[in-house]
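Secondary and tertiary structure notes
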Amino acid sequence: DFAEHRGYMPGDDTRRVDWRLYARTDRLHVKEFEAETNTSAVALVDASRSMAYGGAGRAAKLDYARALAASLLWLAARQGDRVGVATFDSALREFVPPSARHLPQALYALERARPSGAGELAGPLARAASHLARRGIVVVISDLYAEPAAAVEAVRRLRGPGSEVLLFQVLDPDELEFPFRDPGGFEDSETGATMTVVPAGVRARYRERVRAHVAELGRLARAHRVDHALFDTGQPLDRALFRYLAGRERLARGGR
């Protein structure tokens, strides 16, 4: 049975385009049917330049985020859910619409993602939200270098009726602990601005501000019914993801 229309995206089957609607509106839409409106899982992955950072011997944040997104989409596909993915920086760079057949395309889009551009959440997430008008799970994976209120406001717009939004913050241990010892210049990876810093003189205040930033993101996310979790790239991904999913299962069972 016919369920709804949604905007056409590259990769959609052109046989599902509603040409009568196109004749009236001059815009391409595809038909969705009731059998296709099961839960969808879509991962939105930040691929801005700041995600290129990785401490000595560790994966870059973007590599960790891609593996995290791929793991979640594979698990969703295994249980029959529709899967899709998007990559973004200051714009929506690539979008694979959710489909039961789109796991290979989603994984390929993740493999192609390269860190570039300045980071932004509001614009690209708003564009992604316009293509997600059905129930499901939306996972945003980013280092979240933005004011907490602005970040959560951008993310919460992804939550439609019957949908759930997960906000995964990916940070390197260097960003959490600031272990550097030698004075020197530190460069903003997105703007190129540099600052000379004596690490010993700022470490305590830096750690305090990072903890406050993460805590505020969590507080605001909970207030808007968005699930926030911090992923430390110094921790093996399989263990971190297992702990997170096990925690969700305990909550679903009433805390047992």
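Residues numbered from 1 in each chain as written. Predicted model: local features only at pLDDT ≥ 70, side-chain atom pairs only at ≥ 80, totals over all residues. Heavy atoms only, no water.

Counting secondary structure elements, the protein contains 8 helices and 10 strands. A compact globule built from 256 residues should have a C-alpha radius of gyration of about 18 Å, and the protein, at 20 Å, falls within 12% of that. With respect to the three principal axes, the spread of C-alpha positions in the protein is 65 × 45 × 30 Å. By residue count, 44% of the 256 residues in the protein fall in the buried class. (Helix = DSSP H or I, 4+ residues; strand = E, 2+ residues; numbered from the N terminus. Rg over C-alpha atoms; globule rule 2.2 N^0.38 Å. Buried < 20%, exposed > 50% of the residue type's maximum accessible area, 1.4 Å probe, protein only.)

Here we take up a nonpolar patch on the surface. A grouping of W19, Y22 and L28 is seen on the molecular surface, where their side chains present a nonpolar patch of about 300 Å² in accessible area. Along the polypeptide, L28 turns up in the loop between α1 (19-25) and β2 (29-33). (Patch = residues over 30% accessible without salt bridge, like charges linked within 9 Å, V, L, I, M, F, W, Y side chains within 5 Å. Areas by Shrake-Rupley, 256 points an atom, 1.4 Å probe, with all protein chains shown as cover. Salt bridge = Lys/Arg side-chain N within 4 Å of Asp/Glu carboxyl O.)

So, about the environment of W19. On the secondary structure map, W19 appears in helix α1. The contact partners of W19, leaving out residues within four places of it in the chain, are T14 and L28. (Contact = heavy atoms within 4.5 Å.)

As a further point, take helix α2 (residues 61-78). Along its 18 residues, α2 runs 26 Å from first to last C-alpha, staying within 8% of the 26 Å computed at 1.5 Å per residue. A positive phi of about 85° marks G80, the residue just after α2. (Expected span 1.5 Å × (residues − 1).)

Take the sheet that holds strand β7 (residues 164-171) next. Sheet strands line up and pair through hydrogen bonds in the backbone, either parallel or antiparallel. Spatially, the 6 strands line up as an open sheet ordered β5-β4-β3-β6-β7-β10, and their pairing is mixed. A single partner strand is all that each edge strand has here, and the edge strands are β5 (92-99) and β10 (227-232). The sheet shows a mean angle of 15° between the axes of neighbouring strands, direction not considered. α2 rests against β3 (40-46), β4 (82-88), β6 (136-142), β7 and β10 of the sheet, and its axis sits at about 175° to β3. (Pairing = 2+ DSSP bridges. Axes fitted to C-alpha atoms, helices over the stretch in contact; angles between N-to-C directions.)

The next subject is the packing of aromatic side chains. One pass over the full model with this rule turns up 8 aromatic pairs. Here F168 and F231 contribute two aromatic rings whose centre-to-centre distance is 4.9 Å and whose plane-to-plane angle is 50°, an arrangement assigned as tilted. Of the two residues, F168 is situated in strand β7 and F231 in strand β10; the sequence distance between them amounts to 63 residues. Residue F168 is classed as buried on the basis of its relative accessible area of 0%. With a centroid separation of 5.3 Å and an interplanar angle of 70°, the aromatic rings of F180 and F186 are classed as edge-to-face. By relative accessible area, which is 26% here, F186 ends up partly exposed. One cation-aromatic arrangement involves R112 over Y108; the distance from NZ or CZ to the ring centre is 4.1 Å. (Phe/Tyr/Trp six-rings, centres within 6.5 Å; stacked < 30°, edge-to-face > 60°. Lys NZ or Arg CZ within 6 Å of the ring centre and 35° of its normal.)

For the pair α2 and helix α3 (residues 103-112), interaxial distance at closest approach is 10 Å and the crossing angle is 175°. Relative to α3, the element α2 lies roughly antiparallel. Across from R66, A69, A70, L73, W74 and A77 in α2, the residues of α3 making contact are L103, A106, L107, L110 and E111. When grouped by side-chain class, the residues that make up the contact of α2 with α3 number 9 nonpolar, no polar and 2 charged. (Parallel < 35°, antiparallel > 145°, perpendicular 65-115°, else oblique. Nonpolar A, V, L, I, M, F, W, Y, C, P; charged D, E, K, R; others polar.)

Here the focus is the side chain of S99. Position of S99 relative to the elements: it lies in strand β5. From its side chain, S99 meets the backbone nitrogen of R101 in a polar contact 3.1 Å long. When near neighbours in sequence (up to four residues on either side) are disregarded, S99 contacts R82 and V83. (Polar contact = N/O pair within 3.5 Å; in protein donor to acceptor, adjacent residues only side chain to side chain.)

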